[in-house]
2 protein chains.
Amino acid sequence: MDNAARVTTLAGEPCDMSNWDAGNCPVRDVMNQIAGKWSTLILELLAQRPYRFGELRRLVPDISQRMLTQTLRDLQRDGYIDRQVFPTKPPSVEYSMTELGHSLFEPLSKVLAWAGDNHAAVKAARVKFDASELG
Amino acid sequence: MDNAARVTTLAGEPCDMSNWDAGNCPVRDVMNQIAGKWSTLILELLAQRPYRFGELRRLVPDISQRMLTQTLRDLQRDGYIDRQVFPTKPPSVEYSMTELGHSLFEPLSKVLAWAGDNHAAVKAARVKFDASELG
DNA sequence: AGTGCTAGTCTCTTTTTGAGACCAACAACC
DNA sequence: GGTTGTTGGTCTCAAAAAGAGACTAGCACT
């Protein structure tokens, strides 16, 4: 009943906000996975080439095995990466990016590039904000 | 000492992974804010036009006031949005997107558009994954 | 016989998030 | 002049998520 209850997103898709749950709004449903603390990092690595579990763990030193397992499974569930088990001894598991994953990573890499280019500006904004908080 | 300890990101910036903490790696430092559950939603709204606190709360029905306050303060701290207090009675607060915010939103909106375009494919992948889990 | 590698899982603790009450100042209504 | 509503928050407590680290099984190498 709010006259602003219906809003058009920049994606061009109307998004009924009075009925906004995670499964209904594409932005929330898709982004809630990508937005995980480790997801973009893993996607960035797998966009280059396939990696094995242990490699990823070593490349991202401060992720726990538990969260690496979970992040990989979530990304696999959404169709961004593939999991392939090789019957070596001990068995090894290789993760690789799917076509869907690559198509997501194309726009996503632009955001990552922005982050690299504007990291200094963001850090400067933080310093300024924190200084004004003290006064 | 790992021969893969140094990796080049697609952003073109070398990222020393043996020294990878949140403050050192631009991707992690910047993305960890954007990746919040509510951040992209708020950015999407503020990219259209300025909004007041109460408007945002009504537009995103299932965010708690606590998280809206925190998300807005985090986005403001990183320099993406501006907070302006008007001395009306009761005082009103308007949030608007800064230039930095708009420059971030340009690539980010592409990802959001991808989410809208590929929501069906992601949901299909989930159904397939969940089905194969049961078997 | 002992050590190490694989890709995880299980448990416990700490951090983050969510739900909801509470706040002060003023305006409008009755 | 007392009640109600509106503003943009904060505070507390419960629930959910994340981090730390021990533990597993099967096999290879020494």
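Residues numbered from 1 in each chain as written. Chains lettered and ligands numbered in written order. Predicted model: local features only at pLDDT ≥ 70, side-chain atom pairs only at ≥ 80, totals over all residues. Heavy atoms only, no water.

Another aspect to go through is the interface of chain A and chain B. Across the boundary between the two partners, chain A contributes 60 residues, which contact 61 residues of chain B. Per-residue buried area on chain A facing chain B is highest for Arg77, Trp114 and Arg126 of chain A; these three make up 13% of the total on that side. The interface formed by chain A and chain B holds eight salt bridges in total. Arginine 126 of chain B is paired through a salt bridge with aspartate 78 of chain A; the nearest N and O atoms lie 2.7 Å apart. Counting every contact that joins chain A to chain B gives 14 residue pairs in polar contact (both at pLDDT 80 or more). If you tally residues by element for the side of chain A that touches chain B, the top one is helix α5 (residues 99-134) of chain A, at 22 residues. Of the residues that constitute the side of chain A that touches chain B, the class distribution is 32 nonpolar, 14 polar and 14 charged. (Contact = heavy atoms within 4.5 Å. Buried area = accessible area lost by both parts, 1.4 Å probe. Salt bridge = Lys/Arg side-chain N within 4 Å of Asp/Glu carboxyl O. Polar contact = N/O pair within 3.5 Å; in protein donor to acceptor, adjacent residues only side chain to side chain. Helix = DSSP H or I, 4+ residues; strand = E, 2+ residues; numbered from the N terminus. Nonpolar A, V, L, I, M, F, W, Y, C, P; charged D, E, K, R; others polar.)

Near DNA strand C there are 19 residues, and of these Gln65, Arg83 and Tyr95 of chain A together with Arg66 and Met67 of chain B occur at the shortest range. Taking all atoms of DNA strand C within 4 Å of the protein, the share assigned to sugar and phosphate is 60%. The contact in question runs from a phosphate oxygen of DNA strand C to an N or O atom on the side chain of tyrosine 95 of chain A, over 2.7 Å. Within the side chain of lysine 37 of chain B, a nitrogen or oxygen atom sits 2.9 Å from a phosphate oxygen of DNA strand C. At the level of secondary structure, the elements contributing two or more residues to the surface near DNA strand C comprise α3 (53-59), α4 (65-77) and β5 (92-97) of chain A together with α4 (65-77) of chain B. Ranked by the residues each element gives to the surface near DNA strand C, the list is headed by α4 of chain A, at four residues. Its residues assigned to classes, the surface near DNA strand C shows seven nonpolar, five polar and seven charged. (Near = heavy atom within 4 Å.)

Okay, the protein's contact with DNA strand D next. In the vicinity of DNA strand D, 20 residues are found, and the nearest of them are Met67 of chain A together with Gln65, Arg83, Pro90 and Tyr95 of chain B. Of all DNA strand D atoms lying within 4 Å of any protein atom, the proportion belonging to sugar or phosphate reaches 65%. The separation between a base nitrogen of DNA strand D and a polar side-chain atom of arginine 66 of chain A is 3.0 Å. Arginine 83 of chain B places a polar side-chain atom, nitrogen or oxygen, 2.3 Å from a phosphate oxygen of DNA strand D. Counting only elements with at least two residues in the surface near DNA strand D, the list comes to α4 of chain A together with α3 (53-59), α4 and β5 (92-97) of chain B. Sorting elements by how many residues they give to the surface near DNA strand D places α4 of chain B first, with four residues.

Moving on: the nonpolar core. Formed by 69 residues in total, the largest nonpolar core has its most connected members in Leu43 and Tyr80 of chain A together with Leu43, Leu72 and Tyr80 of chain B. Tyrosine 80 of chain A has contacts with Val30, Ile34, Leu43, Leu75, Ser96, Met97, Thr98, Leu100, Gly101 and Leu104 of chain A together with Trp114 and Val122 of chain B, leaving out every residue within four places of it along the chain. (Core = buried A, V, L, I, M, F, W, Y, C linked by side-chain atoms within 4.5 Å. Buried < 20%, exposed > 50% of the residue type's maximum accessible area, 1.4 Å probe, protein only.)

Under the criterion given, the structure shown has two aromatic pairs over all chains. Between tyrosine 80 of chain A and tryptophan 114 of chain B, the aromatic rings sit 6.1 Å apart at their centres with planes inclined by 50°, giving tilted as the arrangement. Of this pair, tyrosine 80 of chain A sits in the loop between α4 and β4 (81-86) while tryptophan 114 of chain B is found in helix α5 (residues 99-134), placing the two residues in two different chains. Accessibility classification places tyrosine 80 of chain A together with tryptophan 114 of chain B in one group, the buried group. (Phe/Tyr/Trp six-rings, centres within 6.5 Å; stacked < 30°, edge-to-face > 60°.)

Attention now goes to the pairing of β5 of chain A. Residue and element names in this part refer to chain A. Of all the six residues making up β5, five are buried; the element is thus mostly covered by neighbouring parts of the structure. Bridge count between β4 and β5: six bridges; the pairing is antiparallel. If you follow aspartate 82 over to β5, its bridge partner there is serine 96. Between β4 and the antiparallel strand that follows it, β5, lie five residues. (Pairing = 2+ DSSP bridges.)

Once chain A has been moved 0.0 Å along the axis and rotated by 180°, it coincides with chain B to within an RMSD of 0.0 Å. One copy is carried onto the other by what is essentially a two-fold rotation axis. It is alanine 35 of chain A whose C-alpha, among those of chain A, lies nearest the rotation axis, at 2.0 Å. When you check the interface residues of chain A against chain B, 100% turn up at the interface there too, and the contact is symmetric in its surfaces. (Least-squares fit on C-alpha atoms with pLDDT ≥ 70 in both.)

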